[in-house]
Amino acid sequence: NSAFALLLTTQSMSACSAGIVMIIRAIREKKQGAWILATGFFIFLGLLILALLYVTIKSLFLYDSNGGFNGGGLFALIAFIWVFSIPGSMSVYLANDFARTSKKLELELVHVKQLGEQNVQKEIEKQEIIKGQKQELETKVREATAEIMEQKNELAEKNRDISDSINYAQRIQTAILPDNTLLDQALGEYLVLFRPKDVVSGDFFWCHKINDKVIFAVADCTGHGVPGAFMSMIGISLFNEIVLGKGITEANAILDELRRKLSVTLQQNTEHPSNRDGMDIALCVWNREDNVLQFAGANNSLYLLSENIAENGSVQETDRVKLHNRHLLQILPDKQPIGYQEDKMNNPFTKSIIQLRPGDTIFISSDGFTDQFGGQKNKKFTSGRFRSLLASLMDKSIREQKMILEQTLDEWKKGDVQTDDICVVGVKIT
């Protein structure tokens, strides 16, 4: 019994210590239901004390005559209550804590559900806002697209009007240029390479026959396109007035009068020195009866392709005459334009006279061919290449000459944009 009491005391003290620690911790953490643990512990402690007292008293006073221990039933009841007091209180505490935890979880689930519903509602509102913004954006896009299409249609209509006007201007310009019938009668065997940069051209050629004299010219007006075309029409009108109206047929006199009239027409004078519109011209007056050619040029040269013209010293170079090989001769122009140029308005143009031979070919042109960009290095064709090209045409017919000029130009351009208006006129002497 003493051993049993000692064991019971030791276990009881250990249980008490653990219970006290648990209760103190529960109270410190302010856990709900801590009183349940405290009640179970105090029941355990009270019963422990009773059990110890009972064991002590029984060991001293309650032995039977045989030395056995009486009162075992009461002790067993106390021991049973004592053993199950703490587990019971723990079970009640845990059950209560589980109930609170379940209720808390239930409340949290409700809160989560509410948050979820709120999030869903916010997402719906967000989607509604996005939908509204999308609809508003689509409306603005449709309105902007409609406006752009309206502007596009308006611009297309204006472009059509402009194109129609330019095409009509082209028909007018083509109508006032010399037609094939006039050129056939006046020039005989000839070629015309006429390529405007745009629909209408600032380059033009002019030709007319008066008795035995044929006057023909190639002019390069300032600008190209519509502005150049206006200048070309003024130039053609002035040519008609000077040659056909006044009957002037001397090459230099035609250019002098053309410069004077153009300056008056464009109101070019010292009061308007910035107005430098005008034209460069190569002009020929060919007497078909004796094959004597007059030439006058305003910045543009004349090229004469004549077989062996430079052999045996028959032609000598001067400040106006340049020989480039034995077949090609160049007559240089006056370095002044048709139009206003300060300090040169009183300088008369010079007339050069050339005796032509059957088989000779005369070439006059604007600078469009020589200024055309192209080739492998995308550079200008240059006057040097142009002279070499003309020299290569010596033994060719007028049709072959035109074909070679066109092919050379197309190969040089290689499909690139045309740099300027191009006009070349060639006349073969028969």
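Here the structure is shown first, and the text comes after it.
Residues numbered from 1 in each chain as written. Predicted model: local features only at pLDDT ≥ 70, side-chain atom pairs only at ≥ 80, totals over all residues. Heavy atoms only, no water.

**Quick word on the overall build of the protein chain**
- What the protein chain contains, in helices and strands, is 8 helices and 14 strands.
- Within the span of the protein chain, comprising 430 residues, buried residues form 37% of the whole.
- For the protein chain, the proportion of contacts with a sequence separation of at least 24, taken over those separated by at least 6, is 69%.
- Per element, the accessible surface of the protein chain, about 24,700 Å² overall, is 57% carbon and sulfur. (Helix = DSSP H or I, 4+ residues; strand = E, 2+ residues; numbered from the N terminus. Buried < 20%, exposed > 50% of the residue type's maximum accessible area, 1.4 Å probe, protein only. Contact = heavy atoms within 4.5 Å. Areas by Shrake-Rupley, 256 points an atom, 1.4 Å probe, with all protein chains shown as cover.)

**Quick look at the pattern of salt bridges**
- The final tally for this structure, using the stated rule, is 12 salt bridges.
- Here Glu136 and Lys140 are joined by a salt bridge, their closest N and O atoms 3.6 Å apart. Of the two residues, Glu136 and Lys140 are both situated in helix H3 (residues 72–176); the distance of 4 residues between them amounts to about one turn of the helix.
- Beyond isolated ion pairs, a larger network of salt bridges with shared partners links Lys213, Glu250 and Lys351. (Salt bridge = Lys/Arg side-chain N within 4 Å of Asp/Glu carboxyl O.)

**Examining the packing of helix H7 (residues 383–391) against helix H8 (residues 398–413)**
- Taken N-terminus to C-terminus, the directions of H7 and H8 make an angle of 145°; their axes are 11 Å apart at the nearest point. With respect to the hand of their crossing, H7 and H8 are arranged in right-handed fashion. Taking contact as the criterion, the partners of Arg385, Leu389 and Leu390 in H7 are, on H8, Ile404, Leu405, Thr408 and Trp412.
- Here the contact of H7 with H8 is built from residues that sort into 5 nonpolar, 1 polar and 1 charged. (Axes fitted to C-alpha atoms, helices over the stretch in contact; angles between N-to-C directions. Left-handed = near helix turned anticlockwise from the far one by under 90°. Nonpolar A, V, L, I, M, F, W, Y, C, P; charged D, E, K, R; others polar.)

**As for helix H4 (residues 180–187)**
- Those residues of H4 lying buried are Leu183, Ala186 and Leu187. Buried residues of H4, viewed axially, fall in a sector of 75°; they line one side.
- Contacts made by the buried residues of H4 are with strand E1 (189–195), strand E2 (203–210), strand E3 (213–221), strand E4 (278–287) and strand E14 (422–428).
- Positive phi shows up at Gly188, right after H4, with a value of about 75°. (Arc of directions from axis to C-beta.)

**Looking at the sheet that holds strand E7 (residues 321–323)**
- Read across the open sheet, the 6 strands follow the order E1-E14-E11-E6-E8-E7; overall the sheet is antiparallel. Two strands lie at the open edges of the sheet, namely E1 and E7, each paired on one side alone. Adjacent strand axes in the sheet meet at a mean angle of 15° when their direction is disregarded.
- Judged from the 4 bridges that link them, strand E6 (residues 302–305) and strand E11 (residues 361–365) form a sheet pairing that is antiparallel. From the neighbouring strand, Leu304 faces E11, where its bridge partner is Ile362. (Pairing = 2+ DSSP bridges.)

**Overview of the nonpolar core**
- Core analysis: the largest hydrophobic core is formed by 56 residues, its most contacted members being Phe239, Met279, Ile281 and Leu302.
- Residues in contact with Met279, not counting those within four places in the same chain, are Phe204, Ala219, Asp220, Cys221, Met231, Gly235, Leu258, Leu262, Pro337 and Ile338.
- Core analysis: the second largest hydrophobic core is formed by 20 residues, Leu191, Phe363, Phe369 and Leu409 among them. (Core = buried A, V, L, I, M, F, W, Y, C linked by side-chain atoms within 4.5 Å.)

**Structural notes on the pairing of E4**
- With 9 of 10 residues buried, E4 is to be regarded as a mostly interior element.
- Sheet topology note: the E3/E4 ladder contains 9 bridges and is antiparallel. Counted as the bridge partner of Ala217 is Leu283 from E4.
- Bridge analysis of E4 against strand E9 (residues 338–339) gives 2 bridges, and the strand direction is antiparallel. Of the residues in E9, the one forming a bridge with Met279 is Ile338.
- In terms of strand pairing, E4 meets strand E5 (residues 292–298) through 6 bridges, oriented antiparallel.

**Points about the pairing of E2**
- Where E2 and E3 come together, 8 bridges link them in antiparallel fashion. By the bridge assignment, Asp203 is partnered in E3 with Asp220.
- The antiparallel hairpin formed by E2 and E3 contains 2 residues in its connecting segment, where Asn211 sits at a positive phi of about 55°.

**Notes on the environment of Gln401**
- With respect to the helices and strands, Gln401 occurs in helix H8.
- The spatial distance from the C-alpha of Gln401 to the C-alpha of Leu191 is 8.1 Å, given a sequence separation of 210 residues.
- Here Gln401 is in contact with Leu191, Leu305, Thr361, Phe363, Leu393, Lys396 and Lys428, once residues within four sequence places are set aside.

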